[in-house]
Amino acid sequence: MKIFLVSLLFVSFLHAQSGVEVIRGGTFDPRIPTPQSVLGYSIGDRFSEYHSINAYLERLAASSDRIRRVVYGTSLEHRTLQALIISNPRILARLDEIKDNNRKLTDPRTLRSKEEAGQLISSLPVIVYLSYGVHGNEASSPEAAMLLAYQLCAGTDERTTSILENAVVIIDPNVNPDGRERYVQWVNSTLGRKPDLLPYSLEHSEQWPGGRTNHYFFDLNRDLSWQTQIETRQRVKFYREWMPHVHVDYHEMEYSSTYFFFPAAVPVHQTLPAEVLKWGKIFGKGNAEAFDRLNIPYYVGERFDMFYPGYGDSWPTFNGAIGMTYEQAGGSRASLAVRKPNGQVLSLKDRARNHFITSIATLETSVKNKKERIEDFYKFWDSALHIPSPTRGYIVSGDQDPTRAASVIEILLRQGIEIYRLTEPATLQVQEYFVSKPFSRKMPAGTIFVPLQQPQARLAQTLLEPVTAVSDTFFYDVSAWSLPVASGLKAWISQSPLPAKAEKVTSAEAPSGKLIGEKTAYAYLIPWERHGAIPMVWQLLEKGYEVSVARRPFATVGRHFSAGTVVAFAGSNRDSLATDLEQLSRQFGIDIYSCSTGLTDKGISLGSSYVSPIKKSSIAIAVGAPVSSNDYGELWHLFEQDLGIPFSAIRATDLGDIDLSKFDVVILPDAGNYQSVFDSTKVDRLRRWMQSGGVLIGIEGGAQFMAKSRSGLTSAVFKSEKKEDEKTKEEKEQEKAKKEQTKRMTLFEKEERSRNERIPGTIFAVLVDTTHPVGFGMPREIYVLKGDAAPIELSEVGHTVARFSKDSVQTSGYASRDRVQKIAEAAYIQDFRVGRGRALLFAESVTFRRFWSGLDKLLLNAILFLPQPD
Ligand SMILES: [Zn+2]
């Protein structure tokens, strides 16, 4: 009976091109074009391409006085990023005033009195921002966005007009147009006259890399707090103009599921106010009532948490909105129509309809609770100014690497976080990150201070705090992220307030470097500690200069130069060297030192055999299945966007067939299973290439493939793959006890245990061998974001470049005790000699989402310093 009812509703829904059954007795202005009249088909009949969506929205914007279409940016593939601002024409006429008044609420310091706040609150419409299609292959929501825009522009019924009289509705119809278009072009190309409902057939089986991510295969729903991608940067800028009271990010999950809306699951980040839970319930109730009326199944409160700050629900919530994720059953496996395991058919029409229904319900809930929502929005900002905490601010050191500190400042400023710079030295009570004792320390002028007493206190605290307070064991995403730690910068918590002698930082200045000493020198020395030295040295190689690396430390010109210092001899280079170095030092913010003799005061001489030439390596990176597109994307972005180092992307399936002698370095990013594409003949080719000098770098799955038990390319053993006779007595006993325990566990206990045993992304301290080329320029102790991958057993044959200590120091985030113990005394990076070449294994990614930028050098050192010169 239920099925019959629902299908009847579909008919009326589709007939009128909008939610007739949602907006009961809905009536429409015939002058406003329906989606069908422009697209040539009704919503849900097929997947709308980018140009069709744009064509409809442009027509709609030209036909209605309820809408303003704003182009707020361009995607990496040059597609338009746009928003539709829809409201009553009288409200549209005063948008600037509304924006200004709303922004005043976000900084209560600018208000003269509570009464002024009260007046602003009553004068404002509720601002509801709805984002569709951040994951391109969760393709129903941009279709729903067109329906919603039509309903709001054409609807003449009371429910529609009531929304418009009380709300400013901002619709971002296509947050990730590149990913969506990748999906839509593909899926449309697979479809026949009738959909095949079998979920395994081609139209349901999306090909690599899929449409979820943007051009560089980044997940835009993890990037809001770091803004590594230009789509996010433009979106955040536009979002901050509006600072909405409600934000919804529309998604899809497994096709076999139902529909998820808020309240969210636990954990909810501790800095968020309790009202967040209250509003989750209020909006959940509104959506539930709409779905109950139509007999549509749904669930709340499970799985989707509010912990990691980079999501489309949490980030708006850290910005005062109630930010929510709605998830419709679907995704690429659903294609145009699919039969669910329960026998029901799920169509694109159903998926778009459900997102449309919750869009209307959310707008109505927002309007119904308008005053209370805006009051809570104001309270969010007001209470941020009075958060009780012994922490008064965060101090980020710019000394080690001013360029990197500038990039952290830029990330914070883009989110409206207030930052100050000390104009005079000040003695402050501080606590070093991950060190428990506070002490008094004189901070020099120029020190960066982020005070906690500011409207953006919650976001500042969340991004900068060294240790995330973990109250739960399950995380949908990583459980730790501290931005200074991820950037490899030294930082302190300050228990002293912001000193009076400080100025507000309004822009992140990229510092300039200089050539120190004579321009007619014997040699020029480039210290390797700062990140900018990497692209700078690459530029020198590109320009054809000969440069070398000092593999041992030395002292000259009154300064210590550690191993990894790059040396450019005047005698082996063109006369233009000094001028070019001067220009590059400014560009990359690196100080270069000139010296007039090869003799040093201490350590090796510059002509020592420990000073060896660097090769401009020719690099290949494996791409395509089975490589993880996210991990490949991180490397792609690092080399191409961040460093300007070219490489060739070679399909993993082709790597064993091509002439590898063209390459000095081959990188195998994380992947499902390289054995599926490397048979023994191909493995032999890789081995022979290494024996003649090739450097093979494997990351996570790539490294696991290089292990003894898989390809046999190295003798590396991963902790998870130990054979019975390789286990210690203690390990055997622990395993036995666990097996015994398992026999008597309930199903629930088993599920809990496997959840608890995960390492969701947790910060660990790792020790680096800085005398090994891969460790050059790195500190002795680094912080890594560790996920679930197994570390490598220490080895006598392979050289361990980086390892977890005996105590396996977990510094922030969640990990079970058992797992922490297993990581102890294991390798994070291991190096094997294979003939003239090398095999370098990274147990896990060192480039996580590119916001973890402090470990890049480990990878770049391998590329610059390991290949043998010709
Ligand atoms: Zn999604």
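All values derive from a computational prediction rather than experimental measurement. (Residues numbered from 1 in each chain as written. Predicted model: local features only at pLDDT ≥ 70, side-chain atom pairs only at ≥ 80, totals over all residues. Heavy atoms only, no water.)

Draft legend 1. View of the overall build of the protein. Across its full length, the protein holds 26 helices and 36 strands. Overall, the protein is about 90 × 65 × 60 Å in size when its C-alpha atoms are taken along their principal axes. With 870 residues in all, the protein has 61% of them scored as buried. When contacts within the protein are restricted to residue pairs at least 6 apart in sequence, those whose partners lie at least 24 apart make up 78%. As displayed, the protein offers around 33,600 Å² of accessible surface, 50% of which is attributable to carbon and sulfur atoms. In the protein, the 103 positive side-chain charges and the 101 negative ones have mean positions that sit 1 Å from each other. (Helix = DSSP H or I, 4+ residues; strand = E, 2+ residues; numbered from the N terminus. Buried < 20%, exposed > 50% of the residue type's maximum accessible area, 1.4 Å probe, protein only. Contact = heavy atoms within 4.5 Å. Areas by Shrake-Rupley, 256 points an atom, 1.4 Å probe, with all protein chains shown as cover. Lys, Arg positive; Asp, Glu negative; His and termini not counted. Charge placed at Lys NZ, Arg CZ, Asp CG, Glu CD.)

Draft legend 2. Up close: the coordination of the zinc ion. With distances of 2.0 to 2.5 Å, the protein atoms coordinating the zinc ion are His135 (ND1), Glu138 (OE), Glu138 (OE) and His251 (ND1). For the zinc ion, the four donor atoms in the first shell make angles of 56 to 158° at the metal, so the coordination geometry reads as irregular. Within one chain, the residues serving as donors to the zinc ion are arranged as H-x2-E-x112-H. Each member of the pair, His135 together with Glu138, is buried. (Donors = N, O, S within 2.8 Å, 3.2 Å for Na, K, Ca; no water. Tetrahedral: all angles 85-135°; square planar, octahedral: opposite > 155°, others 65-115°.)

Draft legend 3. Fine view of the domain arrangement of the protein. Domain boundaries in the protein define domain 1 (2–384), domain 2 (393–504), domain 3 (515–613) and domain 4 (619–865). Between domain 2 and domain 4, the C-alpha centre-to-centre distance is 31 Å. Contacts between the two partners involve 20 residues from domain 2, matched on the other side by 20 residues from domain 4. Here domain 2 and domain 4 share an interface that buries about 1,700 Å² over both sides, 57% of which is from carbon and sulfur atoms. The tally of links between domain 2 and domain 4 comes to one salt bridge. In this structure, Arg404 and Asp856 form a salt bridge, with 3.7 Å as the shortest nitrogen-oxygen distance. (Domains from an automatic or database assignment. Buried area = accessible area lost by both parts, 1.4 Å probe. Salt bridge = Lys/Arg side-chain N within 4 Å of Asp/Glu carboxyl O.)

Draft legend 4. Inspection of helix H11 (residues 275–293) at higher detail. Under the 1.5 Å per step criterion, the end-to-end length of H11 is 28 Å for 19 residues, consistent within 8% with the ideal 27 Å. Residues Val276, Trp279, Gly280, Phe283, Gly284, Gly286, Asn287, Ala288, Ala290 and Phe291 constitute the buried set of H11. At its buried positions, H11 is contacted by strand E5 (246–253), strand E6 (259–260), helix H12 (314–318), strand E7 (322–329), helix H13 (348–368) and helix H14 (370–384). Two residues or fewer after H11 comes Asn295, characterised by a positive phi angle close to 60°. (Expected span 1.5 Å × (residues − 1).)

Draft legend 5. Up close: the pattern of salt bridges. Counted under the stated rule, the structure contains 42 salt bridges. The closest approach of N and O atoms between Asp219 and Arg212, which form a salt bridge, is 2.9 Å. We classify Arg212 as partly exposed; its relative accessible area is 29%. For Lys278, the salt bridge identified is with Asp376, shortest N-O distance 2.8 Å. Of this pair, Lys278 sits in helix H11 while Asp376 sits in helix H14, and the two are 98 residues apart along the sequence. Given the relative accessible area of 31%, Lys278 is considered partly exposed.

Draft legend 6. Highlighting the packing of aromatic side chains. All chains considered together, the criterion is met by 48 aromatic pairs. Their ring planes at 85° and their centres at 5.9 Å tell us that Tyr308 and Trp481 sit as a pair that is edge-to-face. Of this pair, Tyr308 sits in the loop between H11 and H12 while Trp481 sits in the loop between helix H16 (457–464) and helix H17 (483–486), and the two are 173 residues apart along the sequence. As far as burial versus exposure is concerned, Tyr308 and Trp481 are alike and both buried. Ring geometry for Tyr522 versus Phe569: centroids 6.1 Å apart, planes at 85°, classification edge-to-face. Separated by 47 residues along the polypeptide, Tyr522 in the loop between strand E17 (515–516) and strand E18 (523–526) and Phe569 in strand E22 (residues 566–569) bring together distant segments of the chain. For Phe569, a relative accessible area of 17% corresponds to the buried category. The rings of Trp226, Phe307, Tyr308, Tyr311, Trp481, Phe848, Phe851 and Trp852 are connected pair by pair, giving a single aromatic cluster. The ring centre of Phe380 lies 4.4 Å from the NZ or CZ of Arg458, which sits over that ring. The positively charged end of Arg559 is found above the aromatic ring belonging to Phe561, 4.9 Å away from the centroid. (Phe/Tyr/Trp six-rings, centres within 6.5 Å; stacked < 30°, edge-to-face > 60°. Lys NZ or Arg CZ within 6 Å of the ring centre and 35° of its normal.)

Draft legend 7. Expanded view of empty space enclosed by the protein. In total, this model carries seven cavities of 30 Å³ or more according to the counting rule given. In this structure, the largest cavity encloses a volume near 90 Å³. Contributing to the lining of the largest cavity are Pro273, Glu275, Val276, Trp279, Thr317, Gly320, Ala321, Ile322, Arg373, Asp376 and Phe380. When contributions to the lining of the largest cavity are tallied by element, the ones reaching two or more residues are H11 and H14. Across the lining of the largest cavity, the residue classes tally to six nonpolar, two polar and three charged. (1 Å grid on protein atoms, 1.4 Å probe; cavity = no way out; pocket = protein on both sides within 12 Å on 5 of 7 lines; lining within 4 Å. Points joined across faces, edges and corners; volume = space filled by probe spheres on them. Nonpolar A, V, L, I, M, F, W, Y, C, P; charged D, E, K, R; others polar.)

Draft legend 8. Quick look at the sheet that holds E7. Strands sit in the order E1-E2-E4-E3-E5-E7-E6 across an open sheet of seven strands; the sheet is mixed. Among the strands making up the open sheet, the edge pair consists of strand E1 (67–74) and E6. In this sheet, E7 lies alongside E5 in parallel orientation, the contact comprising eight bridges. Pairing of Asp249 across the sheet is with Thr325, part of E7. Contacts between helix H8 (residues 158–166) and the sheet are confined to strand E2 (80–86), strand E3 (126–132) and strand E4 (167–172), with E4 contributing the most and set at about 95° to the helix. (Pairing = 2+ DSSP bridges. Axes fitted to C-alpha atoms, helices over the stretch in contact; angles between N-to-C directions.)

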